[in-house]
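Descriptive structure summary
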Amino acid sequence: MGSDHFVFSPAPLTAWPIEGEDRFFPVRRVYCVGRNYADHAREMGHDPDREPPFFFQKNPQNLTFDGRFAYPVATGDVHHEVELAVALSKGGEAIAAENALDCVFGYAVALDMTRRDRQAEAKKASRPWEIAKAFEGSAPAAALVPASRIGHPGNGAITLDVNGARRQEGDLNQMIWPVADVIACLSGLFTLAPGDVILTGTPAGVGAVERGDRLEAAIEGVGRLSVSVV
Ligand code: MN
């Protein structure tokens, strides 16, 4: 449809840069996994044993690629959560775990920035998490790296430093639900499609950031992400 079919110009697609390429990954939806590393589940006061994965969403427009995180409104306690992002180039329903990695286009380092004070209020009142999770600029991310180049990382260090001090440290092999299982579970709840992105949860050590902080996130075998809090 041409632009004359709309009452105003449609919002642009979120275009995720791909490392070393001049084409972009067009983002459709952004899903996130809650409590996928046992140590983080424990630090948030939950029993990690065999709880099925649960999901929430951010907006595609919340992704940013410019290495800047603007301290958001309506909070005094924004936390960093370093996560492996998985970008899908195939989708479907009821995808079997053994076929799930065939859907993956690539991976990236991303941050699930969280208004922790607002999340605590939401949990207490049994309200949804959008205010805590799906705010402007809440998903800084590095360029995507195609799986055709790096394979499907099942282990490797995942870390986050703030101003040179290590805050978060884990290994991808500590995921309670590995990437293939996450895709399988999610495809039993939603129809997945090319362009869908999944943030796969964070290891222990989440904490607050302040304006002026420099965040350095890294995932072994995937890449790095530097973000300044402004
Ligand atoms: Mn998270």
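Worth saying up front: this structure is predicted, and the values here are computed from it rather than measured. (Residues numbered from 1 in each chain as written. Predicted model: local features only at pLDDT ≥ 70, side-chain atom pairs only at ≥ 80, totals over all residues. Heavy atoms only, no water.)

Focus: the overall build of the protein chain
Helix and strand counts for the protein chain come out as six helices and 18 strands. Overall, the C-alpha framework of the protein chain stretches about 45 × 40 × 40 Å when taken along its three principal axes. Expressed as a percentage of its 230 residues, the buried residues of the protein chain come to 50%. Considering only contacts in the protein chain between residues 6 or more positions apart, those separated by 24 or more positions represent 76%. (Helix = DSSP H or I, 4+ residues; strand = E, 2+ residues; numbered from the N terminus. Buried < 20%, exposed > 50% of the residue type's maximum accessible area, 1.4 Å probe, protein only. Contact = heavy atoms within 4.5 Å.)

Considering the sheet that holds strand S3 (residues 30-34)
Taken together, the six strands give an open sheet; going across it, the order is S4-S3-S15-S8-S9-S12, and neighbouring strands pair in mixed fashion. Both edges of this open sheet fall to strand S4 (54-58) and strand S12 (145-146), since each of them pairs with a single strand only. Bridge count for strand S8 (residues 82-88) against strand S15 (residues 197-199) is three bridges, and the pairing is antiparallel. Of the residues in S15, the one forming a bridge with Val86 is Ile198. (Pairing = 2+ DSSP bridges.)

Remarks on the coordination of the manganese ion
Taken together, Glu81 (OE), Glu83 (OE) and Asp112 (OD) make up the protein donors of the manganese ion, found 2.0 to 2.2 Å from the metal. Read in sequence order, the donor residues for the manganese ion give the motif E-x1-E-x28-D. With Glu83 in strand S8 and Asp112 in the loop between strand S9 (104-111) and strand S10 (114-115), this pair connects stretches of sequence that are 29 residues apart. Here Glu83 and Asp112 have matching classes, each one buried. (Donors = N, O, S within 2.8 Å, 3.2 Å for Na, K, Ca; no water.)

What about the nonpolar core?
Ranked by internal contacts, the top residues of the largest apolar core, which has 44 residues, are Leu84, Leu111 and Ile183. Taken together, the elements giving at least two residues each to this core come down to S3, S8, S9, strand S13 (157-162), helix H6 (179-186), strand S17 (214-219) and strand S18 (223-229). Broken down by element, this core gets its largest block of residues, five residues, from H6. In contact with Ile183, not counting residues within four places along its chain, are Leu88, Ile95, Ala100, Val104, Leu192 and Ile198. With 19 residues, the next largest nonpolar core counts Val30, Cys32, Ala110 and Val197 among its residues. (Core = buried A, V, L, I, M, F, W, Y, C linked by side-chain atoms within 4.5 Å.)

Observations regarding the pattern of salt bridges
Tallied over the entire structure, the rule returns eleven salt bridges. Residues Arg28 and Asp196 are paired through a salt bridge, measuring 2.9 Å at the closest nitrogen-oxygen approach. Of the two residues, Arg28 is situated in the loop between strand S2 (24-27) and S3 and Asp196 in the loop between H6 and S15; the sequence distance between them amounts to 168 residues. Looking at Arg28, the relative accessible area reads 33%, which means it is partly exposed. With a closest N to O distance of 2.8 Å, Arg116 and Glu81 form a salt bridge. Of this pair, Arg116 sits in helix H3 (residues 116-124) while Glu81 sits in the loop between strand S7 (78-80) and S8, and the two are 35 residues apart along the sequence. (Salt bridge = Lys/Arg side-chain N within 4 Å of Asp/Glu carboxyl O.)

Some details on H6
Among the eight residues that make up H6, six are buried, leaving the element largely enclosed by the rest of the structure. Here the buried face of H6 lies against S3, S4, S8, helix H2 (97-100), S9 and S15.

Comments concerning the confidence of the model for the protein chain
On average, residues of the protein chain score 96 in pLDDT, and 100% of them reach the 70 mark or higher. Of all helices and strands in the protein chain, the one with the weakest mean pLDDT is helix H1 (residues 38-43) (85), whereas strand S11 (residues 139-140) scores best (99). (pLDDT = per-residue confidence, 0-100.)

Things to note about H3
Looking only at H3, the buried set comprises Arg116, Gln119 and Ala122. Viewed end-on, H3 has its buried residues packed into an arc of 115 degrees, placing them on one side of the element. Looking at the buried side of H3, the elements it contacts are S7, S10 and helix H4 (130-133). Taken from the residues just after H3, Ser126 is the one with a positive phi, measuring 55 degrees. (Arc of directions from axis to C-beta.)

Topic: the environment of Gly156
Structurally, the position occupied by Gly156 is in the loop between helix H5 (147-150) and S13. On the basis of relative accessibility, which here comes to 4%, the residue Gly156 falls in the buried class. Considering only alpha carbons, one finds Gly156 and Gly188, 32 residues apart in sequence, at a separation of 28 Å. Once residues lying within four places of it in the same chain are set aside, the contact partners of Gly156 are Gly170, Asp171, Leu172 and Glu220.

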